[in-house]
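Summary of the model geometry
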Amino acid sequence: MDALKEASLDNDEVREILKNTTDLRQYSRQIEKEFKDVENKSIEDYIAESQNIANLHNQINDCDDVLERMENMLMSFQSVLNNISTEITQLQRKSVSMSLQLTNRQSVKAQLSQFIEDMAVSEEMINIIMDTAVTEREFSTQLNVLNHKLSLVKELSFKESKSTNDVSDVLHKLRLKAMSKIRSYLLEQIYKFRKPMTNYQIPQNAMLKHKFFFEFILSNERHVAQEICSEYIDTMGKIYYSYFKSYSTRLTSLKFEESCTKDDLMGIEDNASKGLFAKTTSLKHKSTIFTIGKRGDILNQQLEAPIIVPHAQLKNRYTVEALFRSEQYALVDNACREYLFVTEFFMVRSTQAQDLFNQIMGKTLTLMIKNLETSIHDCYDTIAMFLCIHLIFRYQLMCHKRCVPALDKYWDSLQAVIWPRLEHVFRLNIQSIHDCDPTKFNKEMGPHYITRRYAEFSAAIVGISEHFPNELVSRLLLELQNEVECFILRMAAIFATRKDQLIYLINNYDLVLGVLMEHTRDNSKEAEAFREQLNARSAEYVEEILAPHFGGIIQFVKECEQYFEKDQPEELRKQERRSLGLVASFSANWKKSLEELNREVLLSFPSLLTGSQLLQLALASLVQYYHRFHKLLTPNARAQLTNIHVVMVEIKKYKSNY
């Protein structure tokens, strides 16, 4: 395509030339002449500039020389740099090699120095181990160093290291000397326990201060360690056994001279002829047997009180649970300290610690269990036994807080002794109530002594077991409650009238409920049961005492209210004559009836609060009946009825301040 365009242009030029010139040869000569002229001019120009061109040629040659020299110089520099780089690489390799050698030598030096230090036996160590007393601080320090060297030599001896031959003899002699001194010291401390009136915490603390001594012996001569351990077990076992045997015997002499017997059950009547109330060393007063009083403080404020010191309390007498608390708290204090000591000093844990503890305290614990079996065999004080069980719960929890589980089996054994006896005596009390003959008692409408005993006893048991509920105790309490309720009903049956029966029932239920609410929670099962009984009997009693005074109105309301509800006014009008008679009778006697009602209620109940509450309940019921009676009257009868406001004003006069 481009070739076609060039050919077209040439054709155009030829066409232009032909147009302007007629002779092509002439035109050709003209062109050659112009070329010649241009060539001549160019030659002249070159000739004119020949000197400059020559100078330029010379300069170019000079530059070539300079560049050649520069090239040679740079090549020389490159060669030098290559040599330097090679030298640097060699130096770097040498540096790495020397650094590695240095590191290896330092490592070897450190290990070798430590090894030499560990193996070397200094004169200072020898002198201190041989001559310094074991109680000195320097001896303990050097003993640690010696123990380390002995361990190292023992380890190296298995590898057949020849270096141990140089020091093994010296270390062996030092070991024997150190062990001899330590053994003598520890046995001396143990023998101090055997001295009468010794506070064995002092030698124990001294042994704990140097507990590394036993670790040293244990790691080097186990038979010597076993000797020391056996000596300690034998010594402390005898000390604890002797102490608690003597302490238990002396505590027994502080018990009340006359304790509860099988004649002191809940259903058995007091026998004043025995003259027991005057004795200050007796616990046989029924109010003490079945009432907890301040005895419950033993589970709270007195739980960690100082133990009883028998020779300082010869004139005082204590309850079973007080003596039990003192003995068990003494055991807890000693046993916890002993367990913590053996675990720390003899370096035992778990099963080994339990076994070692049992070897020391086992005989003592067995003695205390047998003593409890003996003392509890003829015990009839249920509250005391129950307090002892809850003391066990709290002391076991205390041991766990001190991280001492070693007494768990002991606590279980104590419970296994007390629980069967407690249940047996509990059931004897229940049976004693069951065997009571109501006809042998006087017809007194006040609370029965069995009811009072039950109320105090039940409140005591419920209050004690509040934090540690027990299914057996709950079941026994329910059986006792059912038996007491049956007894109260049997006693009520000896009264001729229903009103007297209700008064008796209310007095007894009110007493039980009052005592339970005073000592236990308001919503306890026992309180709820007697509250229901009291409310039911109170409502029935109100109907009984209102009947003699306002029975006609009450009967009229109950019979005729159905006519009002069914909208039968004709039937109500038929009762007008009857209602007019009731209105007249009420208007004539209502004030007198209120006075008699007030007097009768207050005289029937020894508790002013109970009597007042029943009176208010009766008056409230009367007002309700009065309103209902008013609705049933015809207009004629209603007009003759005393105004309700007048009645209310009179009723308010009997409002109690209790």
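To be clear, the structure that these remarks concern was listed above.
Note that the structure is a prediction, hence the values are computed from the model and not measured.

1. Observations regarding the packing of aromatic side chains
Following the criterion strictly, the structure yields 29 aromatic pairs and no others. Each ring, one from F193 and one from Y232, has its centre 5.9 Å from the other, and the planes form 75°; the classification is edge-to-face. Residue F193 is found in the loop between α6 (168-192) and α7 (201-209), and its partner Y232 is found in helix α9 (residues 222-252); the two are separated by 39 residues along the sequence. The residues F193 and Y232 share a single accessibility class, namely buried. Summarising the aromatic geometry, the rings of F556 and F629 are spaced 5.5 Å apart at their centres and angled 80° between planes, so their arrangement reads as edge-to-face. Taken together, the residues F556 in helix α18 (residues 525-565) and F629 in helix α21 (residues 608-632) connect sequence positions 73 residues apart. The pair formed by F556 and F629 is uniform in burial state, with each residue classed as buried. In textbook terms, an aromatic cluster arises when at least three aromatic residues are bridged by ring pairs, as seen for F193, F214, Y232, F341, F345 and F346.

2. Regarding a negative patch on the surface
A cluster of acidic side chains, namely D62, D64, D65, E68 and E71, defines a negative patch on the protein surface. Structurally, D65 can be placed in helix α3 (residues 50-119). Judged by its relative accessible area of 37%, D65 is partly exposed.

3. Focus: helix α15 (residues 449-464)
Counted at 1.5 Å a residue, the expected span for α15 with its 16 residues is 22 Å, and the 22 Å between its end C-alpha atoms agrees. With 13 of 16 residues buried, α15 is to be regarded as a mostly interior element.

4. Brief notes about the pattern of salt bridges
Applying the stated rule across the entire model yields 17 salt bridges. A salt bridge links R194 to E231; its shortest N-O distance comes to 2.3 Å. Note that R194 is positioned in the loop between α6 and α7 and E231 in helix α9, a separation of 37 residues in sequence. In this structure R194 comes out as partly exposed when scored by relative accessible area, which is 43%. Notably, a salt bridge pairs D381 with R295, separated by 2.9 Å at the nearest N-O pair. In this pair, D381 sits in the loop between α12 (350-377) and α13 (382-401) while R295 sits in the loop between α10 (286-289) and α11 (320-345), placing the two residues 86 residues apart along the sequence. Overall, D381 belongs to the buried group, its relative accessible area being 2%. Owing to a relative accessible area of 11%, R295 belongs among the buried residues under this scheme. Each of the salt bridges in this network shares a partner with another, and the network as a whole consists of R295, E321 and D381.

Definitions and cut-offs
Residues numbered from 1 in each chain as written. Predicted model: local features only at pLDDT ≥ 70, side-chain atom pairs only at ≥ 80, totals over all residues. Heavy atoms only, no water. Phe/Tyr/Trp six-rings, centres within 6.5 Å; stacked < 30°, edge-to-face > 60°. Helix = DSSP H or I, 4+ residues; strand = E, 2+ residues; numbered from the N terminus. Buried < 20%, exposed > 50% of the residue type's maximum accessible area, 1.4 Å probe, protein only. Patch = residues over 30% accessible without salt bridge, like charges linked within 9 Å, V, L, I, M, F, W, Y side chains within 5 Å. Areas by Shrake-Rupley, 256 points an atom, 1.4 Å probe, with all protein chains shown as cover. Salt bridge = Lys/Arg side-chain N within 4 Å of Asp/Glu carboxyl O. Lys, Arg positive; Asp, Glu negative; His and termini not counted. Charge placed at Lys NZ, Arg CZ, Asp CG, Glu CD. Expected span 1.5 Å × (residues − 1).

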